[in-house]
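The residues making up each chain are set out below.
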Amino acid sequence: MSKYTFTSDGPLTGRLRVPGDKSISHRSLMFAGLAVGESRITGLLEGEDVLATAAAMRQLGADIEREGEGAWRVHGAGLGSLLEPRGALEMGNSGTSTRLMMGLLASHPITATFTGDASLSGRPMNRVIDPLSQMGASFEASSGGTLPCMLRGAAPAVPINYRLPVASAQVKSAVLLAGLNTPGITRVIEPVVTRDHTERMLTGFGAILEVGEDNGERVIGIHGEADLRPCDVIVPGDPSSAAFFIVAALLVPGSDLVIENVGLNPTRAGIITVLRHMGGSIEELDPREVGGEPVADLRVRHSALTGIDVDPAIVPSMVDEFPVLFVAAAFAKGTTRTTALEELRVKESDRIAVMAAALTGAGARVTENEDGLEIEGTGGEPLRGTGNAPVATHLDHRIAMSMAIAGLVSANGVQIDDTAPIATSFPTFMELLSGAAV
Ligand code: S3P
């Protein structure tokens, strides 16, 4: 456990570059590991979650080598030819690695056991166990459908049409990945659109997908027994990591910061829409395409924010950004209301309860509801801060980084109980933060 107190350190200025997108990084290693031949990845996020995916893909027979900073070479094992892992697949803190790899293995004749840290071992896996069981895989999970969990894949698996009961890109991706090695067409019906990196990237690796609409719902069909070919992937910067610096620059007086190479896929960029709606000055410079994803540099200037009612329809496109939005709301003028956030309760921590406690502890006025928070902002005045009563981050990287940003605008600073989890998604966070605030 390493405690740290974040305090005001002057405006954020200059330029910085956030690491590669976590969702795209996981998928690049998995899909390259399934293709026959060699793929190269540049801009890979070298955070612990992604390294857990790399280690697991190696255990399944892929040859994966780091060639330089963010530069990786993958020689795939081939779809249908994955090896049975010798030991347990250790997934650390990473829900994405676990759920997507359960999908991958569900249609291979393989038995594997998944384990994780205390946070991951409390998270629900039935959301993937249910559809993958319908496809023929079998599972022995710990009580309540949690890790450790043993999976026995089916060969051949059976294709299904699956309508997502929760808006989850992880569940969608698990079913589509199982469909890759399943005869026929496996379909996922998405009542609410979630991040679409799996669909975009699998097409690049040569899979055949049909994306259509039925009664206002998105339908994605994947043709099974696919032939995946290698593909070089350039990973754009992670908008979820950029969000911490966007909010920091909006809140700290005098800031004028350029964040380079930020992925702006519309299924991910909801936080920018909401912060602009609150009065945030966020300008897109040099919009371009990187690795099939829209990207721009963002110029962010200190702004007076106003509280708003956040439209529940935007939730899936910013599901990971609510902790830091709550911080922005705590400094806005007036009240910010958020609803439809039930999914936040089953992330790396219960992000509604944990952020309510953390912000209240720092002096903010917060009301916790079942499905969201109502936050009465200070109108730009600093919060009191936590002094020496550390924020409990519950092994949740995004809680730690969000409250770090709150510390920059709190009179007594904000102490975090443990900064170690930050390395799961953003190993350079502390370094970039001290470099930007000069
Ligand atoms: C992710 C999907 C989201 C998100 C997670 C990454 C992905 O989870 O919270 O950080 O890469 O597919 P859900 O799909 O479960 O909402």
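Structure: above.
Keep in mind the model is a prediction, meaning the values are calculated, not measured. (Residues numbered from 1 in each chain as written. Predicted model: local features only at pLDDT ≥ 70, side-chain atom pairs only at ≥ 80, totals over all residues. Heavy atoms only, no water.)

Chemist: What exactly am I supposed to notice about the overall build of the protein chain here?
Modeler: Summing up its helical and strand segments, the protein chain has 12 helices and 21 strands in all. C-alpha atoms of the protein chain, sized along the principal axes, occupy 60 × 45 × 45 Å. Looking at the protein chain residue by residue over its 438 residues, the buried ones come to 59%. Contacts in the protein chain between residues at least 24 apart in sequence constitute 76% of all its contacts with a sequence separation of at least 6. About 15,500 Å² of surface is accessible on the protein chain, with carbon and sulfur atoms providing 50% of the total. Distance from the positive charge centre (34 side chains) to the negative charge centre (52 side chains) of the protein chain: 1 Å. (Helix = DSSP H or I, 4+ residues; strand = E, 2+ residues; numbered from the N terminus. Buried < 20%, exposed > 50% of the residue type's maximum accessible area, 1.4 Å probe, protein only. Contact = heavy atoms within 4.5 Å. Areas by Shrake-Rupley, 256 points an atom, 1.4 Å probe, with all protein chains shown as cover. Lys, Arg positive; Asp, Glu negative; His and termini not counted. Charge placed at Lys NZ, Arg CZ, Asp CG, Glu CD.)

Chemist: Got a minute to help me understand the sheet that holds strand 10 (residues 161–163) in this structure?
Modeler: The strands making up a sheet are joined through hydrogen bonds of the backbone, oriented either antiparallel or parallel. Strands sit in the order 10-11-13-12 across an open sheet of four strands; the sheet is mixed. Of all strands in the sheet, those with a lone pairing partner are strand 10 and strand 12 (209–214), marking the two edges. Each strand of the sheet is rotated relative to its neighbour by a mean of 20 degrees, with strand direction disregarded. (Pairing = 2+ DSSP bridges. Axes fitted to C-alpha atoms, helices over the stretch in contact; angles between N-to-C directions.)

Chemist: Help me understand the layout of surface pockets in this model?
Modeler: Any empty space left between the atoms is revealed when a probe the size of a water molecule rolls over them. Computed from the structure, the largest pocket encloses a volume of approximately 530 Å³. Taken together, 35 residues line the largest pocket, and the ones lying closest to its centre are Ala167, Arg195, Val319, Asp320 and Lys347. If you list the elements that add at least two residues to the lining of the largest pocket, you get helix 1 (22–34), helix 3 (95–106) and helix 5 (169–180). For the lining of the largest pocket, the residue count by class is 10 nonpolar, nine polar and 16 charged. Reported here for the second largest pocket is a volume of approximately 420 Å³. Surrounding the second largest pocket, 20 residues form its lining, Val18, Pro19, Gly20, Leu44 and Glu69 being those nearest its centre. Taken together, the residues that form the lining of the second largest pocket break down as 10 nonpolar, six polar and four charged. (1 Å grid on protein atoms, 1.4 Å probe; cavity = no way out; pocket = protein on both sides within 12 Å on 5 of 7 lines; lining within 4 Å. Points joined across faces, edges and corners; volume = space filled by probe spheres on them. Nonpolar A, V, L, I, M, F, W, Y, C, P; charged D, E, K, R; others polar.)

Chemist: How should the pairing of strand 3 (residues 38–42) be read in this particular structure?
Modeler: The side chains of a regular strand alternate, first on one face of the sheet and then on the other. Residues Ser39 and Ile41 of strand 3 are buried on one face, while the alternating residues Glu38, Arg40 and Thr42, pointing to the opposite face, are not. Pairing geometry for strand 3 and strand 14 (residues 233–234), over two bridges, is parallel. The residue of strand 14 that forms the bridge with Thr42 is Ile234.

Chemist: Could you clarify how one ought to interpret the site of the ligand in this entry?
Modeler: Taken together, the neighbourhood of the ligand is formed by Lys22, Ser23, Arg27, Thr96, Ser168, Ala169, Gln170, Arg195, Val319, Asp320 and Lys347. Within the side chain of Arg27, an N or O atom sits 2.7 Å from an oxygen atom of the ligand. Judged by the fraction of its atoms near the pocket grid, the ligand is located in the largest pocket. Counting residues per element, the ones that place at least two in the shell around the ligand are helix 1 and helix 5. Per element, the largest residue contribution to the shell around the ligand is three residues, and it comes from helix 1. Taken together, the residues that form the shell around the ligand break down as two nonpolar, four polar and five charged. (Near = heavy atom within 4 Å. Polar contact = N/O pair within 3.5 Å; in protein donor to acceptor, adjacent residues only side chain to side chain. Sits in = over half its atoms within 2 Å of the grid points.)

Chemist: Looking at this model, I keep getting lost on the packing of aromatic side chains. Mind explaining?
Modeler: Centre-to-centre distance and the angle between the planes together describe a pair of aromatic rings. As enumerated under the stated definition, the model contains seven aromatic pairs in all. Ring centres of Phe322 and Phe326 lie 6.1 Å apart, and the angle between their planes is 50 degrees; this geometry places the pair in the tilted category. Residue Phe322 and its partner Phe326 are both found in helix 9 (residues 322–330); the two are separated by four residues, about one turn of the helix. According to the relative accessible area criterion, Phe322 is buried, its value standing at 1%. Residue Phe326 is classed as buried on the basis of its relative accessible area of 2%. Here a set of aromatic residues connected by ring pairs shows up, and it is made of Phe244, Phe245, Phe426 and Phe429. (Phe/Tyr/Trp six-rings, centres within 6.5 Å; stacked < 30°, edge-to-face > 60°.)

Chemist: Explain the environment of Val235 here, please?
Modeler: Along the chain, Val235 falls in the loop between strand 14 and helix 7 (239–251). For Val235 and Leu298, which are 63 residues apart along the polypeptide, the C-alpha to C-alpha distance reads 17 Å.

Chemist: What exactly am I supposed to notice about the sheet that holds strand 14 here?
Modeler: In space, the four strands of this open sheet follow the order 4-5-3-14, with mixed pairing throughout. Two strands close off the open sheet at either side, each with one partner strand: strand 4 (63–68) and strand 14. Along the sheet, helix 2 (residues 48–59) contacts strand 4 and strand 5 (71–75); its crossing angle with strand 4, the most-contacted strand, is approximately 140 degrees.

Chemist: Is there a simple way to explain empty space enclosed by the protein in this structure?
Modeler: With the rule as written, the count across this model stands at one cavity of 30 Å³ or more. Here the largest cavity is characterised by a volume of approximately 30 Å³. Around the largest cavity, the lining residues are Asp21, Ile24, His197, Pro236, Pro239, Gly263, Asn265, Arg268 and Glu293.

Chemist: Please clarify how the pairing of strand 7 (residues 111–115) should be interpreted in this entry.
Modeler: In terms of strand pairing, strand 6 (residues 89–90) meets strand 7 through two bridges, oriented parallel. Across the sheet, the residue bridging to Glu90 is Thr115, located in strand 7. As a crossover connection, the stretch from strand 6 through helix 3 into strand 7 is right-handed. With four bridges connecting them, strand 7 and strand 9 (residues 146–152) associate as antiparallel partners. Counted as the bridge partner of Phe114 is Cys149 from strand 9. (Right-handed = clockwise from strand over helix to strand, strands pointing away.)

Chemist: Would you mind showing me how to read the pattern of salt bridges here?
Modeler: Pairs can form between side chains of opposite charge whenever their charged atoms are close. Under the definition given, this model contains 37 salt bridges. Arg73 serves as the salt-bridge partner of Asp63, at 3.7 Å between the closest nitrogen and oxygen. Of this pair, Asp63 sits in strand 4 while Arg73 sits in strand 5; the two residues are 10 residues apart in sequence, bridging distant segments of the chain. Asp286 serves as the salt-bridge partner of Arg288, at 3.4 Å between the closest nitrogen and oxygen. (Salt bridge = Lys/Arg side-chain N within 4 Å of Asp/Glu carboxyl O.)

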